Amino acid sequence: MSVHLTTPEGMWQAVPYHHVSVATGSKHIHVAGQIARDADGNRLSPGDLAGQLADALRNTARGLAGAGASFSDVVRLRIYLAKYQPEQYPEFAAGLESVVEELGIPQPLPPLSGIGVDFLFEPDVLVEVEAYAILD
């Protein structure tokens, strides 16, 4: 495997992701921000943060698979959240947990950043996911 996830001693351990990923390989895969839309551009899970995160992660998995990768090859995730408030964390976590097994997302997660923004692609978009992966 070309990706090794770790959280070195002395770093905060009580988070659901690793702080560091070490990758070797020559094929770099960047999946652009994925939102809750189907292949025809139809809106999925309107008004539902958990549902939109699950749908965006499924689209991210499709992008990775199209390049011959999976979530086990991901070295970095970025998740943008529109108008995010800390009290929404349980809904965010539920969306992630609902697809972890289905999509083979490692636990703890690869290094990730959750970034709150004022708005995303269109007013109904609550979450957008970017992934960076490495293959040998």
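Quantities reported herein were computed from a predicted structural model and do not represent experimental measurements. (Residues numbered from 1 in each chain as written. Predicted model: local features only at pLDDT ≥ 70, side-chain atom pairs only at ≥ 80, totals over all residues. Heavy atoms only, no water.)

1. Comments concerning the environment of Ser 45
In step 1: With respect to the helices and strands, the residue Ser 45 is situated in the loop between β3 (27-34) and α1 (49-66).
In step 2: For the pair Ser 45 and Asp 124, spaced 79 residues apart in sequence, the C-alpha to C-alpha distance is 9.6 Å.
In step 3: Ignoring any residue separated from it by four or fewer positions in sequence, one finds Ser 45 in contact with Gly 51, Gln 52 and Asp 55.
In step 4: In this structure the side chain of Ser 45 is engaged in a polar contact, spanning 2.7 Å, whose partner is the side chain of Asp 55. (Helix = DSSP H or I, 4+ residues; strand = E, 2+ residues; numbered from the N terminus. Contact = heavy atoms within 4.5 Å. Polar contact = N/O pair within 3.5 Å; in protein donor to acceptor, adjacent residues only side chain to side chain.)

2. Examining α1
In step 1: Compared with the 26 Å implied by 1.5 Å per residue over 18 residues, the 26 Å span of α1 between its first and last C-alpha is a close match.
In step 2: Burial runs high along α1: 13 of the 18 residues are buried.
In step 3: If you check the start of α1, you find a side-chain oxygen 3.2 Å away from the backbone N of Ala 50, and it comes from Asp 48.
In step 4: One or two residues past the end of α1 sits Gly 68, with phi positive at roughly 85°. (Expected span 1.5 Å × (residues − 1). Buried < 20%, exposed > 50% of the residue type's maximum accessible area, 1.4 Å probe, protein only.)

3. Re the side chain of Asp 55
In step 1: By secondary structure assignment, the location of Asp 55 is in helix α1.
In step 2: Discounting residues that sit within four places of it in the chain, Asp 55 has contacts with Ile 35, Ala 36, Leu 44 and Ser 45.

4. Quick word on the packing of α1 against helix α2 (residues 89-97)
In step 1: At a closest axis distance of 7 Å, the pairing of α1 and α2 adopts a crossing angle of 35°. α2 is crossed by α1, and the crossing has right-handed handedness. Contacts between α1 and α2 involve Leu 49, Ala 50, Leu 53, Ala 54 and Leu 57 from the former and Glu 91, Phe 92, Ala 94, Gly 95 and Leu 96 from the latter.
In step 2: Its residues placed into classes, the contact of α1 with α2 shows eight nonpolar, one polar and one charged. (Axes fitted to C-alpha atoms, helices over the stretch in contact; angles between N-to-C directions. Left-handed = near helix turned anticlockwise from the far one by under 90°. Nonpolar A, V, L, I, M, F, W, Y, C, P; charged D, E, K, R; others polar.)

5. A look at the nonpolar core
In step 1: With 29 residues, the main nonpolar core has Ile 29, Leu 53, Leu 57, Leu 64, Phe 71 and Ile 105 as its most contacted residues.
In step 2: Secondary structure elements with two or more residues in this core: β3, α1, β4 (74-82), α2, α3 (100-103) and β6 (127-135).
In step 3: The leading source of residues in this core is α1, at seven residues.
In step 4: Excluding anything up to four places from it in sequence, Ile 105 contacts Leu 57, Phe 71, Leu 96, Val 99 and Val 100.
In step 5: Listed in part, the five residues of the second largest apolar core include Ile 35, Tyr 80, Ala 82 and Leu 120. (Core = buried A, V, L, I, M, F, W, Y, C linked by side-chain atoms within 4.5 Å.)

6. Topic: the packing of aromatic side chains
In step 1: Scanning the entire structure with this criterion turns up one aromatic pair.
In step 2: Pairing Tyr 89 with Phe 92 gives two aromatic rings, centres 6.0 Å apart and planes at 35°, and the pair type is tilted. Residue Tyr 89 and its partner Phe 92 are both found in helix α2; the two are separated by three residues, about one turn of the helix.
In step 3: Since its relative accessible area comes to 11%, Phe 92 is described here as buried. (Phe/Tyr/Trp six-rings, centres within 6.5 Å; stacked < 30°, edge-to-face > 60°.)

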